[in-house]
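Letter by letter, the chains look like this.
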Amino acid sequence: MSGATVPADISGHMLDLDEDEDLEVFSKNTSLADGNPMPNSPDSMVNQFRLDEENEEEQQGAINKDIFVTVDNPESHISAIETFITYRVVTRTTCSEFDSSEYEVRRRYQDFLWLKSRLEENYPTLIIHPLPEKFVMKSMVERFNDDFIETRRKALHRFLNRIADHPILSCSHHFKVFLTEEELAPHRKLGPGFLSRMSETMRAMANSVRGLRSKLEEFAVMQAYVDDFSNKMCSVDKVTNRIIKEHREYMDELKQYGPTYFQWAESEELLAEPLKGVGSCVERCSKETEEQIQHLSEVLVPTLHEYVLCADTLKAVMRRRDNIQAEFEAKNEALASRTTDKEMAVATATGGLNDKERESKKLQEEVDDLADRVEQANNALRGDWSRWRTSMRADLKSAFISTAAKNVDYYEKCLAVWESFLLSQRGESMEQRNGADAS
Amino acid sequence: MLCISYNFIHYVKPSLELPGLFSVVRMRIASSADSSSNNSRSQMIMADSGSSDEVAVICNTDITSTESENNLINTMVERGTALLKKMEISVAEADKRTGKNTVNMQETYTVYLIETRPAESVSEEGTPAAPDTLWRRYSEFELLRTYLLVTYPYIIVPPLPEKRAEFVWHKLSADNLDPDFVERRRVGLENFLLRLASHPVLSNDNIFFLFLTEEKGWREAVLETGFQDKADSRLKSLSAMFRVKNPDKRFTALKHYSEDLSTVISQLLRIRARVADRLYGVYKVHANYGRVFSEWSAIEKEMGDGLQSAGHHMDTYAASIDDILEEEEHYADQLKEYLFYTEAVRSVCRKHELIQYELEMAAQDLSYKKQQKEELETGTVRIFSLKGMTSKLFGQETQEQRESKVAALEQSIQEGEDALKEKNAESQEFVEKAWNDIERFNEQKEKDLREALISYAIMQISMCKKGIQVWSNAKECFNKM
C-alpha cells in the first residue's frame, strides 16, 4: 500500500474530505521524507518506530497510515440521570495489532477525555493534539446546539486522526481499546486510578517548588518559544474573531441597503432598471459576504483555536518534562547525601555494612531508573517537537492560504456581479444613443 | 438638435490595463499657471468651439484617486447656452477669513474664489489667459439662489450643497471648517454655478452674471431688484394652508413623486453611511493582523519571512479603505444634489397651487358677484345675505338705490372678469413655463442619476480589483510560509 497519497478507494469513505488539513499534512510530509524507503507492511513500520525514536523526523514523512478513523453520526442519549451526546467512531485498519479490520463503537466526550489522560500519563512528553473544550462559555449557552455539536465532532475527528498518524501514540494500548472495545467503562476503571494520579500531581507540585538545578539550553529555548507562541496564537485568534464580528455587522447593513434601491425603483420609470440592477448587485454581494464569513468560521477559526489549545498542551508537556527531571534530581541529591552517611557508617560500625550497602544499591538503581526516564522523556520530546513544528506550520499555512484564496474568490465574484451590471448599462446607453440620434 | 457627445467610460485596473467597457475622454482644462493651490481643479464645462450648438458632456469615471479627487461625476446633458459660450466658470479655491458679522462679533468664515475666463482664450495655443477672479462666501450664494427662486417661480432652481454636513459616518467630520468638508463644498458650489450657467433661462439672468463678475456692489444690485416683495408672496405660498378644488393632476403627481424621492434618497443616504462605517471597521481590523504577524514572525524561523510580508499586505489592505470611501462620498454628493432638488420641485408645485387657488378664488368671487347682480335684477333672493333678509323684513329699497347698486356691481364684475382673465393668463404661462422646465429637469435627472449609478458600479469594481490584488499577494506570502 503506497503511503504517498490516501488510497483512492478508501479516501471516499475514510477521511472526511472537508479535512483538507489532514490530506495536506500527508502530502507535505511525504515530500519532506528523505532517503527512507517506503516500508511495506504496517507491522514492520510499527516495529521500526518502536526501536528508532531518533529517526522520527525522517520517518514521520514515510509513515504509512494504517489506521483510518472517522467520527460522525452524533446522537443524543436521554437517561434518567443525564442527557449526553455519543459519536460513532469507525475504524478501518490493516495493522496486525488489531484482531479485525473494521470496528464501530460509540463514544461520548468523557471517553475521549479518558483516552487523552491515559496517553498523557504513558507518554508524558509527547505532544498530543488537543481535544475540543468542554464547553464554550462565550456565545453558546446550549450544549446541544447543532453548530456546537458539529464543531466538536470535527475536532474529535481530528484528535483521533492525529493520534492515528502519530508513530508512537498510534501503538498505544489505550488507543486500541478506545477504538475497539464495545464498552469502555470496564477499562476506565483499570489502570492508575484517581489516588495515584493525585500522588503524581503532588510530587510534581513539590518538585516545582524546589525548582530545577539546571535546564538544558535547548529546553529553555523551547520554553521561551512556547510562551511566545501561545501569546501570538491568542492574538491571532482574537483578531480573527473580531474580523468575523465586523463582517457580520457589515453584512447586516448590506441586507438593508439593497432593498432601498428596489424601493426607489418603484417610483421611477427609466431609472427603475439601473436601480434594480444596483440593488441586485448589492444583494448578491451580501450573499457572498455571508459565504466568506462561513468559510472563516469553518476553516481559519477552528485551526487557530486548536493551536491556542496546542500552546497550552505544549506548556503542560514542558512542565511534565521539568517534573521528571526534578524528580530525578531530588532522588539524586538524596543518594549523594546517603553516600556520605554511608562513609560515616562504615567508619563507625562495620556490622550493619551489608544493609547499608543494599540500601545504597537500591537507591542507586532508583536514581539510574530516573536518569533513564529523563533521557527517554527528553528524547521523546525532541523527536515530537520537530514533528509538531512541521505539522503546525503545515496546518496554519494551509488555513491562511485557504482564507486568502477565499477572499480572492469573494472579490472575484463581486467583481463579476458589478461588471455584468455595467455591461447591461452599456447596452442600454447604446440603445438610447441610437434612439436619440434617430430622433 | 440635441447631440450628445458622450464618449466612453474608461476605468483603469490598477495593475493591468484592460480595454474598458466604456472609456471617456475626460476633459481637464490645464490649470492656469498662477494657480498654486493644492486642490486639483475639477472640471469645467466648455462649449464646443465647433459649429454646432453642442456642449461636450464630460463624464469622469476615472477611478484612480491619485488623479483629481475632486472630480464630480457630472454628466450634464445641456443645451448650449449663450453664457457658456462666452465664458468658463470655476470655483477654484477656498480660503478662510475673519471679520465682523451682523451682530458685530468676530467670526471665521470660508470664502470661495470664483474664476471666469472668456471662452475663446483656451482654444489658442500656449497658456490660456489669466482669469478674472472674485471671492464669495456661502451666504452670498444663498442670496443669489433666493433671488432666483423668487424671480423665476416656475423654474426648478438648482440646489446649493449642504450648509452643514449631514449623513456623516463616524470617520467623516461634521465640522464645517474641516478641510475635506470645505473641499467637497467647493466642488458643490462650482457644480451649482455650472448648473445655472447651463440652464436655458437662468443663464440669461443679469444678477447671476453680476454675481460672477462684480465683487463689490453685487448685494446692492440684488436688493435693488426689489425681489424682497415677491419673496413675501413666495413665503406665503410655501406656508399657506389652502385647498385647491380642482388640482392639476400632473402637478399633484409631481408633488407626490418628489416627496417619495426625497424620502427614499434620504433613507438610501442614511443606510449607505452606515454601510460605509461597517466596511471601514472590517478593513481597519486587518491592520491588527499586520501587527501580530510581524511580532509572530520574529519567533519563527522558516515561517518568518512569509508571515512578515503577509503582514505588510494586511496593512496595505487596511489602509486602502480610506481612498475607497472618499470616492464614495462623491456618489453620496450626487444623490444629495437630487435630494435637495426635490425641495425646488416641491416649491414649484406649491407655487402652482397658490396660483391655481387664486384663480379659483377669482372665479368664485366673480360668479358670486354675478349672482348678486342677477338677484338684484330679478328680485329673487337665492343667496342668503343679511342685507337681503333685513330688506325683506324691513322694507324694500327704492328703485334708485337698486339701480345704483347694480351699476356698482357691473363695474365690479367687469374688474373681476379682467382679473380672472389676467389670472388665467398668468396660470397658463406659469404652467407652460413650468412644464417646460420640468421636462428638462426630468431628462437631466435621469441621465445624471444613471451616470451616478454607473460610476458607483465602477467604484465597486475598483474596490474589488484592489481586494483581489492584495489577497493574491497575501496568498503568495502565505505560500512561502
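Residues numbered from 1 in each chain as written. Chains lettered and ligands numbered in written order. Predicted model: local features only at pLDDT ≥ 70, side-chain atom pairs only at ≥ 80, totals over all residues. Heavy atoms only, no water.

S.K.: Can you break down the interface of chain A and chain B residue by residue, with the values?
M.R.: In this assembly, 57 residues from chain A lie in contact with 60 residues from chain B. When chain A packs against chain B, close to 5,900 Å² is buried across both sides, 72% of that on carbon and sulfur atoms. Between chain A and chain B we count 6 salt bridges in total. The partner of R274 of chain B in a salt bridge is E253 of chain A, with the nearest N and O atoms 2.9 Å apart. Our count for the chain A to chain B interface comes out at 17 residue pairs in polar contact (both at pLDDT 80 or more). Listed by contribution, the elements that provide at least two residues to the side of chain A that touches chain B are α10 (217-265), α11 (272-348) and α12 (353-438) of chain A. (Contact = heavy atoms within 4.5 Å. Buried area = accessible area lost by both parts, 1.4 Å probe. Salt bridge = Lys/Arg side-chain N within 4 Å of Asp/Glu carboxyl O. Polar contact = N/O pair within 3.5 Å; in protein donor to acceptor, adjacent residues only side chain to side chain. Helix = DSSP H or I, 4+ residues; strand = E, 2+ residues; numbered from the N terminus.)

S.K.: Break down the nonpolar core for me, with residues and values.
M.R.: Y257, W388, F400 and W418 of chain A together with L193, F293 and W296 of chain B are the most contacted members of the largest nonpolar core, which totals 162 residues. For this core, the element with the most residues is helix α11 (residues 399-479) of chain B, which contributes 23 residues. The residues touching W296 of chain B, leaving out its near neighbours within four places in the chain, are F229, K232, M233, V236, L396 and F400 of chain A together with M303 and L307 of chain B. Of all hydrophobic cores here, the second largest spans 32 residues; its members include C95, F98, V105 and Y109 of chain A. (Core = buried A, V, L, I, M, F, W, Y, C linked by side-chain atoms within 4.5 Å. Buried < 20%, exposed > 50% of the residue type's maximum accessible area, 1.4 Å probe, protein only.)

S.K.: Can you explain the pattern of salt bridges? Please cite residues and give values.
M.R.: Opposite charge on two side chains permits pairing when their charged atoms draw close. All names here are of chain B. Summed over the entire model, instances satisfying the criterion amount to 50 salt bridges over all chains. Between E429 and K433 there is a salt bridge, and its shortest N-O distance comes to 2.6 Å. Placement of the pair is E429 and K433 together in helix α11, with a separation of 4 residues, close to one helical turn. When its relative accessible area of 42% is taken as the criterion, E429 is described as partly exposed. For K433, a relative accessible area of 32% puts it in the partly exposed group. Within this structure, E162, R184, R272, E328, E329, D333 and K336 form a network of salt bridges that share partners.

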